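These are the residues of each chain, in order.
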Amino acid sequence: QQRQKVEYESVYNIYRNVEAHEEQEFLAQKEVAAAIESYLKKNAPQAVRAAQSLFRKRKSTILQGGSDEGSVNLSTLTLRGVQKHFAERWKKDPNDQLDQALVNNLLAKAYEIVLKEVPCAVVNYQIPKEEDNRLIIVGDTHGQLEDVFWMFYKYGSPTPKNVFIFNGDICDRGPNGVEIWLLLLAYKIACPECIFFNRGNHEDPLMNERSQECGGGFARECRTKYGQDILAQFHHLFDALPLVYIVNKRLMIVHGGLFRTDSVNLPQLARLQHRRPCPEVPRTNEEYAVFDALWSDPRVARGRGVSKRGGDCMAFGPDVSKGFLDRNRLDMIVRSHEVPADGRGFQVWHDSRVVTIFSASNYCGTMNNYGGVMILKPNLEFEVFEHWAPELEELRRLEAETASATQAVATRLEGLKAQEDGFRNRKRKESVDSIGKDVVKKVKELIVERKEDLFWFYETHDHDNTHHVSATIFWQGLRDSLGEFAEQNFQHIQRLVAPETEVSTDGGSSVDYHHFLGRFQVQLKGLVGRREFGRQVVVSVFQAILRADLPLREMFALFDRNCSGTVTFDEFREVLQSFDLGLSRRQLAPFFRALLRSSADKSVNIVEFFSRFDVIYGGHLHDNDEPWIREVLQGLGKLWLHSDNSDQEDNSARDLLEHFEQADVNGNGTLSLAEFVTAVQPWCKALQEQGVPREYLTPEKLDQVARAVDVSGEGTINYLEWVDAFQAVETRGACGRSGAVSDFGDLGDSILMVLYRHMAAVRRGLQYFDPKATGIVSAAEFKMALTALASALAKPDPPYSDSQVHVLMTQLIEKGYNDDDELNYHDVLDAFAIVDSGPGEL
């Protein structure tokens, strides 16, 4: 038992660290979503107003339901019918879909009932006085359908004498939030007085839009199963749910907890405007009261303070609980919202005045915790029961063995408890393994997000540019960047690091940080690779420099300000910022590192600097001009660049410079077309010996070659155009072997990671351009949403530029996009993923 207790505490602490990161990200994202909405209202006011008007009309339409009842007549639905048409169906196959008309009408009828039952944020409920009546309070279920069915099996399904209140967070995280909601709403329609719902922080549109791995998932689940209109119906229902139930005038049920000021009381809560989404950025006392009811937590210390969830979340102490209860003449608060710290299904706080009930057993398949419910009698005597839900197949077997699923609960509880312990023991190792995978997934995400900080730290300690640092320095960098998360999850992170760790002869160990950080990437699966996106961003930069058409000395002096013969990162950064090429300050470091295979604290020879341009630029003319021109240039490259092995790569760069200076007869730093032809003519005989046809080498043909090399079309050839013409022929392969090109994925990561983190907020903004919920927007609208995100995150430095948005759009719409082109934004945003190119699935 002691070993199991220690094991659970370890798993719980790891999970809380992961969940805390997710919730802090979500709370920050709510502010970003609000900023995007403000941007769109300012810059696309007509579209936003039209969308809001259509939203209101659509709400009226979809909440009326349809003329087609669907496969079940809801007007005559009974409790037995709920069992037959819904419960039994989903016990056999939890993903078996209902027909669309039935789901539509189910939500519409349930919404009508809730509107009548919940006129304000506080609902008073009286347990009927007959002794056999009881009220069962259920905490978070989070899409775990097995727990709902098991609770109905163990404690009885909803009836007028066996009433349930679900205290929020019914969906998200688990795979079957839709089925749980539809089942519960079917019970609500069949018997309105049998079941009630409180609102939780996950009955929230923006939270639902987050991925399942990051605490959401309901929006994607619902869209996949039934479409956007059904999701909209759910969100209207969520907005209508109450915040508080008061039972028998003495017990308060709330999802989160109490409030940040003592002035909040029950009459004030009853007057709140509750039919609205949770405030994204609370500003008024009323908004904070709604927010706190959904998000606050109890704490051991007295008074109030910042919750472990971070952001605006508040924690309240025992004195706050006592004061609120005394002022409002209440005895107890029952809340949910968090997994109890000791693996139980409940947790008692504040001298038994506050009780947490959490009903999702083995939460997310990782926590190995019990679920719990509170069962109240009419006199408010209560018991807390715990459970461990088995797989649905096991539940069906037990039901088959039970003579009647409605037998008295007391005759079965003792036997069920022993079976639940068996289920839990069999799942323990699987749960521990699962939490390890969740931690590793979160670590990968954090590494991509903070990759530049990690590169900077390691490069400052990598004095010999070996791409290795000692294990001690490596872990110091992770701790500095990832904080306590790295320290607390050392063992799980160590599994990721192992392939890059080398043991030296003196017994010490080092880590190839360059390869380690390069493994973790953001991808838009099936749409655009981060490496190609990064490369295209750089291409746009080089094209801008190329168009400047500078003479040789001016170009060298531009980057080598102190005439040292080398280019430093500071010089590089200063020039690119003066060019206004659309690279943010954070993007310049991966750009410099990838281009020159050098860290930001190193310098590179000026000749090598320019020879590297073409590695990424990709040989403009070789992709677009006639084959015979490429043949002539390839022959010249073989004659002028005698680098048959990789260790002569630097000499080939100097050879290019030497031939350029020889061709520049008048010494003005650029070549006229005539100078180019004159420089090539002495090599014509050697070209013919290589097999280049004589007819390709006439003065007229050589003039065509010169014009092809002149990419800018200015009538002169600058040094970059010269490099592009010849470096591409001989050295692109060698440079590619060095691994430099792959580093441009880091530049793509720095941009794509911003979109990955805030895709729920972006999706929210795009819905203003898609009021009919088709999932389709124009390229111009998608681009505006990305621009709005950049504006929301602009302080102190925009995360990406307009030109980079343009590059991303050209990657998403392969035909070479126009503003009127359309794309499915759900497909695009759902394609974001963090991937690990390391050895296998670690």
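Position labels on residues start from 1 in each chain and follow its written sequence. With pLDDT at 70 or above as the cut-off, local features in this predicted model cover only qualifying residues; side-chain atom pairs require 80 or more to be listed or tallied, and sums for whole chains, interfaces and linings still use all residues. To get the side-chain values, all heavy atoms of the structure are used, and hydrogens and water are removed first.

Peer 1: Tell me about the overall build of the protein, residues and numbers included.
Peer 2: If you tally the helices and strands in the protein, you get 37 helices and 25 strands. Burial status follows relative accessibility: with a 1.4 Å probe on protein chains alone, a residue under 20% of its type maximum counts as buried, one over 50% as exposed, and anything between as partly exposed. Within the protein, buried positions represent 58% of all 842 residues. Contact criterion: two residues are considered in contact whenever any of their non-hydrogen atoms come within 4.5 Å of each other. Summarising the internal contacts of the protein: among those between residues at least 6 apart in sequence, 76% fall at separations of at least 24. Here the open area of atoms and residues is found with the Shrake-Rupley method and a 1.4 Å probe, where only the protein chains shown may cover a residue. For the protein, the accessible area works out to roughly 34,200 Å², and carbon and sulfur atoms hold 48% of it. Segments assigned H or I by DSSP are reported as helices when at least four residues long, segments assigned E as strands when at least two residues long, and all are numbered from the N terminus.

Peer 1: Tell me about the environment of R707, and name the residues and values.
Peer 2: Within the secondary structure, R707 is located in helix α31 (residues 699–709). For R707, a relative accessible area of 52% translates into the label exposed.

Peer 1: Quick rundown of the sheet that holds strand β11 (residues 346–349)? Include the residues and the values.
Peer 2: In spatial order, the strands read β1-β5-β6-β10-β12-β11; together these 6 strands make up an open sheet with mixed pairing. Lying at the two open borders of the sheet, with one neighbouring strand each, are β1 (122–125) and β11. With strand direction ignored, the average angle separating the axes of adjacent strands in the sheet is 20°. With 4 bridges connecting them, strand β5 (residues 244–247) and strand β6 (residues 251–254) associate as antiparallel partners. Pairing of V247 across the sheet is with L251, part of β6. By definition, two strands form a pair when at least two bridges between them are found by DSSP. All axes here are fitted lines through C-alpha atoms, helices being fitted over the stretch that makes contact, and every angle between N-to-C directions spans 0 to 180 degrees.

Peer 1: Lay out the packing of helix α6 (residues 177–190) against helix α8 (residues 218–226) in plain terms, naming residues and giving numbers.
Peer 2: Interhelical geometry of α6 versus α8 gives an angle of 75° and a closest axis separation of 9 Å. If you check the angle between α6 and α8, you find them roughly perpendicular. Between α6 and α8, the residues in contact are G177, V178, E179, W181 and L182 and F218, E221, C222, K225 and Y226, respectively. Each residue gets one label: Ala, Val, Leu, Ile, Met, Phe, Trp, Tyr, Cys and Pro are nonpolar, Asp, Glu, Lys and Arg are charged, and the others, such as Gly, are polar. When the residues that make up the contact of α6 with α8 are grouped by side-chain class, the tally is 6 nonpolar, 1 polar and 3 charged. For classification purposes, an angle smaller than 35 degrees is called roughly parallel, one larger than 145 roughly antiparallel, one from 65 to 115 roughly perpendicular, and anything else oblique.

Peer 1: Just give me the short version of the packing of aromatic side chains, but keep the residues and values in it.
Peer 2: Note on aromatic pairs: the rings of Phe, Tyr and Trp (six-membered ring only in Trp) are paired at centre separations within 6.5 Å, and the planes decide the class, stacked below 30 degrees, edge-to-face beyond 60, tilted for the rest. Evaluated as defined, the whole model comprises 32 aromatic pairs. Residues F152 and F164 carry aromatic rings whose centres are separated by 5.1 Å and whose planes lie at 75° to one another, so their mutual orientation is edge-to-face. Taken together, the residues span a long stretch of sequence, with F152 in helix α5 (residues 145–155) and F164 in strand β3 (residues 162–167) at a distance of 12 residues. For the pair shown, F152 and F164 are each scored as buried. Ring centres of F676 and W722 lie 6.2 Å apart, and the angle between their planes is 80°; this geometry places the pair in the edge-to-face category. With F676 in helix α29 (residues 673–680) and W722 in helix α32 (residues 719–737), this pair connects stretches of sequence that are 46 residues apart. The exposure classification of F676 matches that of W722, with both residues buried. Three or more aromatic residues joined by ring pairs form one cluster here, namely F455, F457, Y458, F474, W475, Y513, F516 and F520. Geometrically, a charge over a ring is one whose NZ (Lys) or CZ (Arg) sits within 6 Å of the ring centre while staying within 35 degrees of the ring normal. Here the guanidinium or amino end of K701 rests over the ring plane of W628, the centre of that ring lying 4.6 Å away.

Peer 1: Describe in detail helix α13 (residues 392–401), supporting the description with residues and values.
Peer 2: Along α13, the positions that sit buried rather than exposed are L392, L395, L398 and E399. Here the buried residues of α13 occupy an arc of 115° about the axis, which is enough to place them on one side. For α13, the exposed residues set more than 90 degrees away from the buried face come down to E393, A400 and E401. The directions considered for the arc run from the helix axis to the C-beta atoms.

Peer 1: Describe the layout of surface pockets, with residues and values.
Peer 2: Two kinds of site are reported from a 1 Å grid over the protein atoms alone, namely cavities, where a 1.4 Å probe fits but cannot get out, and pockets, open sets with protein on both sides within 12 Å along at least five of seven lines, and residues are called lining when an atom falls within 4 Å of a point. Grid points are joined across faces, edges and corners, and a volume is the space filled by probe spheres set on the points. The calculated volume of the second largest pocket comes to roughly 950 Å³. Taken together, 35 residues make up the lining of the second largest pocket; nearest its centre are F55, P205, H236, P277 and R764. Breaking the lining of the second largest pocket down by element, the ones donating at least two residues are α1 (2–43), α2 (45–62), α4 (100–117), α7 (205–209) and α9 (228–240). Element by element, the count of residues in the lining of the second largest pocket is highest for α9, at 8 residues. Residue composition of the lining of the second largest pocket, grouped by class: 15 nonpolar, 5 polar and 15 charged.

Peer 1: With reference to specific residues and values, describe α5.
Peer 2: In terms of residue burial, α5 counts as a mostly covered element, since 10 of its 11 residues are buried. Turning to α5, its buried residues are L145, D147, V148, F149, W150, M151, F152, Y153, K154 and Y155. One or two steps after α5, the chain reaches G156, where phi turns positive at roughly 95°.

Peer 1: Tell me about empty space enclosed by the protein, and name the residues and values.
Peer 2: A water-sized probe, rolled over the atoms, reveals where empty space remains. One pass over the full model with this rule turns up 9 cavities of 30 Å³ or more. Roughly 90 Å³ of volume is contained in the largest cavity. Lining the largest cavity are E25, Q29, E209, R210, S211, C214, E445, Y756, R757, M759 and A760. Listing elements by their share of the lining of the largest cavity, those giving two or more residues are α1, α33 (744–757) and α34 (759–766). Residue composition of the lining of the largest cavity, by class: 4 nonpolar, 2 polar and 5 charged.

Peer 1: Before we move on, could you go through unusual backbone geometry and cite the residues and values that matter?
Peer 2: Phi is mostly negative for residues that are not glycine, and the peptide bonds are mostly trans. Positive phi values are uncommon outside glycine, yet N248 reaches one of about 50°. Mapped onto the elements, N248 comes out in the loop between β5 and β6. Even without glycine at this site, L380 takes up a positive phi of about 70°. With respect to the helices and strands, L380 occurs in the loop between β13 (371–376) and β14 (382–387).

Peer 1: Now, about the state of the cysteines: what can you tell me, with residues and values included?
Peer 2: In this description, the term disulfide denotes a pair of cysteine sulfurs within 2.5 Å. Taken as a whole and judged by the stated rule, the model has 1 disulfide. Paired by a disulfide, C191 and C194 hold their sulfur atoms 2.0 Å apart. Classification of the bridge connecting C191 and C194 rests on its S-S torsion, roughly 60°, and on that basis the disulfide is right-handed. Of the two residues, C191 and C194, both sit in the buried class. With no disulfide of its own, C171 lies 9.2 Å from the sulfur of C222, the closest cysteine sulfur. Given the relative accessible area of 0%, C171 is considered buried.

Peer 1: Any chance you could break down the side chain of H274 for me, citing the residues and the numbers?
Peer 2: Looking at where H274 falls in the secondary structure, it is placed in the loop between α10 (266–270) and α11 (285–295). With a relative accessible area of 4%, H274 lands in the buried category. Residues within four places of H274 in sequence aside, it is in contact with V118, P119, C120, A121, R199, D239, A240, L241 and P242.

Peer 1: Describe the sheet that holds strand β7 (residues 297–298), with residues and values.
Peer 2: Strand order across the open sheet formed by 3 strands is β7-β9-β8, with mixed pairing between neighbours. One side of each edge strand has no neighbouring strand; the edge strands of this open sheet are β7 and β8 (304–306).

Peer 1: Please provide a residue-by-residue account of the pattern of salt bridges, values included.
Peer 2: By salt bridge we mean one thing: a side-chain nitrogen of Lys or Arg within 4 Å of a carboxyl oxygen of Asp or Glu. Taken as a whole, this structure holds 38 salt bridges when the rule is applied. In this structure, K91 and E399 form a salt bridge, with 2.8 Å as the shortest nitrogen-oxygen distance. Placement of the pair is K91 in helix α3 (residues 79–92) and E399 in helix α13, with a sequence separation of 308 residues. Classification of K91 by relative accessible area gives buried; the value is 5%. D262 is paired through a salt bridge with R304; the nearest N and O atoms lie 2.6 Å apart. Of the two residues, D262 sits in the loop between β6 and α10 while R304 sits in strand β8, which places them 42 residues apart along the sequence. Shared partners join several salt bridges into a network, and the residues in it are E23, D297, K308, R309, R335 and E338.

Peer 1: Would you mind going over the pairing of strand β4 (residues 195–198) in detail, with residue names and values included?
Peer 2: Across the two faces of β4 the burial is the same, with I195 and F197 and F196 and N198 all buried. For β3 and β4, the ladder comprises 4 bridges, and the chain directions are parallel. Looking at the pairing, N167 lines up with N198 of β4.

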